[in-house]
Amino acid sequence: AVTELKPVQAILLVAGRELNTKLRTKAFVIGTVVSIVVLAAFVLLQASGISDSERSDVGLSGQATALGPQIVEAAKQLGHAVEIHDVTDPATGEQQVRDGDLDALVTGPVGSLQVTVKEQLATELRNTLNGLMQQQILISELAAADLDPKEVLGTASAAQVKVTELEPTGDDQGQRLVIGLVVAFLLYMALMIYGQMVAQGVVEEKSSRVVELLLATVRPWQLLTGKVLGLGLVGLIQFAAIAVVGLVAGLATGALTISGAAIGGILAGVLWYLLGFFFYATIFAALGSLVSRQ
């Protein structure tokens, strides 16, 4: 006589079998590793692109060397990092610009700066140099008019426009969009891969007559629930591993600065995965039960 298991015990038994079997497969391990490597490479590429676009190597020659600290500080206020290099020979500095060792070469007197670039001058750096040059010209004019340059410049710098934002959006809107797209893509892949895995598992058990042995001890709904639960946990483990690695890599490289939104996005993704997977996986399993071969 075959002893019938209790419902919860039967479901956990089937789920444990699926979990133990799938986690040890090469497909799961290789798929998880490849996904993590691809995601980490994408994050590093994004961080590298952000870093390169917000940083400039600037060579200073002649009288322009006196502006080094001011250029660094002014560019920093615009969110642009500048590294200064002293260049003794302008011809050598021009060759460094051609070779890509310098992004820009600044020469000439303080009130009439000349900039040499290979292709295009970064907007933040252009605004920085223009502002410093205009400031130097203004100081000279104020001194010639017997006015105190510091007092006049202090009054001028204190004047700020008043901005009214009708529909304000945070500076992190782009990052939130990327987080949402990544989570949505992971959800889609998890639902498709593991949903089809549920259907294939049902068909394989039918074709190998394993289901006849299983149904001797468990009921059909218990077998279905256990299979969906086990494969759902496998997908959740893979989803969580990829998401955590992506979060850590993004925060470590500086490509991600809104950790709260990222964690919230991951938790929301887990919630929607649980709801979506059990819905779609049940449909996949039902469709798999209607056929005898893959």
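From a predicted model like this one, the values you see are computed outputs, not experimental measurements.

Engineer: It is not clear to me how the environment of K118 should be interpreted in this structure. Could you clarify?
Structural biologist: Within the secondary structure, K118 is located in the loop between β4 (114-116) and α5 (123-144). Residues K118 and Q95, 23 residues apart in the sequence, show an inter-C-alpha distance of 9.7 Å. Those residues in contact with K118 that lie beyond four places of it in its chain are V97 and R98. Within polar-contact distance, the side chain of K118 engages the backbone oxygen of R98 at 3.2 Å.

Engineer: Would you take a moment to explain the packing of aromatic side chains for this structure?
Structural biologist: Two aromatic rings are characterised by how far apart their centres lie and by the angle between their planes. Counting across every chain of the model gives 4 aromatic pairs. Seen in terms of ring centroids, F277 and F278 are 5.9 Å apart; in terms of plane orientation they differ by 75°. Their pairing is edge-to-face. A relative accessible area of 1% places F277 in the buried class. Owing to a relative accessible area of 34%, F278 belongs among the partly exposed residues under this scheme. Ring geometry for F279 versus Y280: centroids 5.2 Å apart, planes at 85°, classification edge-to-face. A relative accessible area of 42% means that Y280 is categorised as partly exposed.

Engineer: Whenever I open this one, the layout of surface pockets confuses me. Can you help?
Structural biologist: Where empty space is left can be seen by rolling a probe of water-molecule size over the atoms. Here the largest pocket is characterised by a volume of approximately 540 Å³. Lining the largest pocket are 23 residues, and of these G31, S35, L186, M189 and I242 lie nearest its centre. Those elements that place two or more of their residues in the lining of the largest pocket are α2 (26-53), α7 (173-207) and α9 (220-253). Looking at the lining of the largest pocket, its residues break down into 17 nonpolar, 5 polar and 1 charged.

Engineer: How should the pattern of salt bridges be read in this particular structure?
Structural biologist: Side chains that differ in sign of charge can pair as their charged atoms come close. All told, the structure shown has 3 salt bridges when counted by the stated rule. The salt bridge involving E18 is made with R17; its shortest N-O contact spans 3.2 Å. K227 serves as the salt-bridge partner of E18, at 2.5 Å between the closest nitrogen and oxygen. Of this pair, E18 sits in helix α1 (residues 7-23) while K227 sits in helix α9; the two residues are 209 residues apart in sequence, bridging distant segments of the chain. In this structure, E18 and K227 share a single accessibility class: buried. Here the residues in one salt-bridge network are R17, E18 and K227, joined through shared partners.

What counts and what doesn't
- Residues numbered from 1 in each chain as written.
- Predicted model: local features only at pLDDT ≥ 70, side-chain atom pairs only at ≥ 80, totals over all residues.
- Heavy atoms only, no water.
- Helix = DSSP H or I, 4+ residues; strand = E, 2+ residues; numbered from the N terminus.
- Contact = heavy atoms within 4.5 Å.
- Polar contact = N/O pair within 3.5 Å; in protein donor to acceptor, adjacent residues only side chain to side chain.
- Phe/Tyr/Trp six-rings, centres within 6.5 Å; stacked < 30°, edge-to-face > 60°.
- Buried < 20%, exposed > 50% of the residue type's maximum accessible area, 1.4 Å probe, protein only.
- 1 Å grid on protein atoms, 1.4 Å probe; cavity = no way out; pocket = protein on both sides within 12 Å on 5 of 7 lines; lining within 4 Å.
- Points joined across faces, edges and corners; volume = space filled by probe spheres on them.
- Nonpolar A, V, L, I, M, F, W, Y, C, P; charged D, E, K, R; others polar.
- Salt bridge = Lys/Arg side-chain N within 4 Å of Asp/Glu carboxyl O.

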